[in-house]
Amino acid sequence: MNLDPNRLRAYGIPVSRVVEAVRGGNKESGGRLLEFGGTEYMVRGRGYARSIQDFENIPLSVTENGSQIRIKDVGQVVMGPDLRRGVADLDGNGDVVSGIVIMRDGANALDVISRVKARIKQIEPGFPAGVKLVPIYDRSELIHKTIGTVKETIIEVLITVVLIILVFLWHFPSAAIPIVTMPVAVLLAFIPSA
């Protein structure tokens with residue numbers, strides 16, 4: 001609804017009165033979102049007004065000579081856009097569609113990521129012209145770096161322990177024990193407890 005402030009002033013009607021009249025003349029009530037089975041449902045009570053003309057003819061007040069002042073006398077009723085939900089913006093370049101890949105509990109993250117990337121390569125040729133899929137957060141790089149760090153740390157610790165044993169004990173069989181037991185201990189740490 002586009003209200004004309006000059007007409008409102010001429011009739012002596014505040015904006016709050018227009019809001020009250022629309023509420024009273026329509027009785028449309030808003031609800032909340034109801035989430036059921038992974039789907040959102042908007043709950044709302046439908047009002048009496050079914051068309052733009054119904055809104056235009058909602059009475060606001062009466063003039064001194066007894067004629068009715070209606071919504072269309074103080075403004076223009078127009079169809080507005082639907083409520084936008086879930087709008088996403090990427091780097092300030094405009095609206096985008098976003099999606100999230102959810103992994104099952106206990107699944108191998110690296111395996112899931114590689115399967116998702118393979119599936120994306122399969123469906124990309126079917127995209128309309130100008131549409132592209134841009135990954136925003138890819139955990140695979142973090143996982144590879146973490147595995148690399150663990151490998152480096154194990155090798156550094158093994159070398160340090162073997163050198164200390166050789167320097168102080170001069171016993172090669174004793175130095176071979178950490179080479180076998182330390183990697184096994186690290187692998188056992190990743191086995192989940194039952």
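Quick caveat: nothing in here was measured; it's all calculated off a predicted structure.

(A) Representation of the pattern of salt bridges. For the structure on display, the rule yields four salt bridges. We note a salt bridge from Asp4 to Arg7, for which the minimum N-O separation is 3.3 Å. Exposure remark for Arg7: the relative accessible area of 36% places this residue in the partly exposed category. Here Glu141 makes a salt bridge to Lys145, at a shortest N to O gap of 3.3 Å. Here the residue Glu141 and the residue Lys145 both occupy positions in helix α6 (residues 140-169), the gap between them amounting to four residues, near one helical turn.

(B) Local environment of the packing of helix α5 (residues 109-123) against α6. One way to put it is that α5 packs onto α6 with a least axis distance of 10 Å and a crossing angle of 140 degrees. Our classification of the angle between α5 and α6 gives oblique. Here α5 runs over α6; the crossing is left-handed. Between α5 and α6, the contacting residues are Ala109, Leu110, Ile113 and Lys117 on the first element and Ser140, Ile143 and His144 on the second.

(C) Layout of a nonpolar patch on the surface. Taken together, the side chains of Ile179, Val180, Val184, Leu188 and Ile191 define a hydrophobic patch exposed on the protein surface, amounting to about 470 Å² of accessible area. For Val184, the position within the fold is in helix α7 (residues 172-189).

(D) Just the layout of surface pockets, in detail. Estimated volume of the largest pocket: approximately 1200 Å³. With six residues, the single largest contributor to the lining of the largest pocket is α5.

(E) Here's a closer look at the pairing of strand β4 (residues 59-62). Two elements, β4 and strand β5 (residues 68-70), share three bridges in a ladder whose sense is antiparallel. Bridge pairing in β5 links Pro59 to Arg70. Linking β4 back to β5 in an antiparallel pair, the connection comprises five residues, with Gly66 at a positive phi of about 95 degrees.

Procedures and definitions
- Residues numbered from 1 in each chain as written.
- Predicted model: local features only at pLDDT ≥ 70, side-chain atom pairs only at ≥ 80, totals over all residues.
- Heavy atoms only, no water.
- Salt bridge = Lys/Arg side-chain N within 4 Å of Asp/Glu carboxyl O.
- Buried < 20%, exposed > 50% of the residue type's maximum accessible area, 1.4 Å probe, protein only.
- Helix = DSSP H or I, 4+ residues; strand = E, 2+ residues; numbered from the N terminus.
- Axes fitted to C-alpha atoms, helices over the stretch in contact; angles between N-to-C directions.
- Parallel < 35°, antiparallel > 145°, perpendicular 65-115°, else oblique.
- Left-handed = near helix turned anticlockwise from the far one by under 90°.
- Contact = heavy atoms within 4.5 Å.
- Patch = residues over 30% accessible without salt bridge, like charges linked within 9 Å, V, L, I, M, F, W, Y side chains within 5 Å.
- Areas by Shrake-Rupley, 256 points an atom, 1.4 Å probe, with all protein chains shown as cover.
- 1 Å grid on protein atoms, 1.4 Å probe; cavity = no way out; pocket = protein on both sides within 12 Å on 5 of 7 lines; lining within 4 Å.
- Points joined across faces, edges and corners; volume = space filled by probe spheres on them.
- Pairing = 2+ DSSP bridges.

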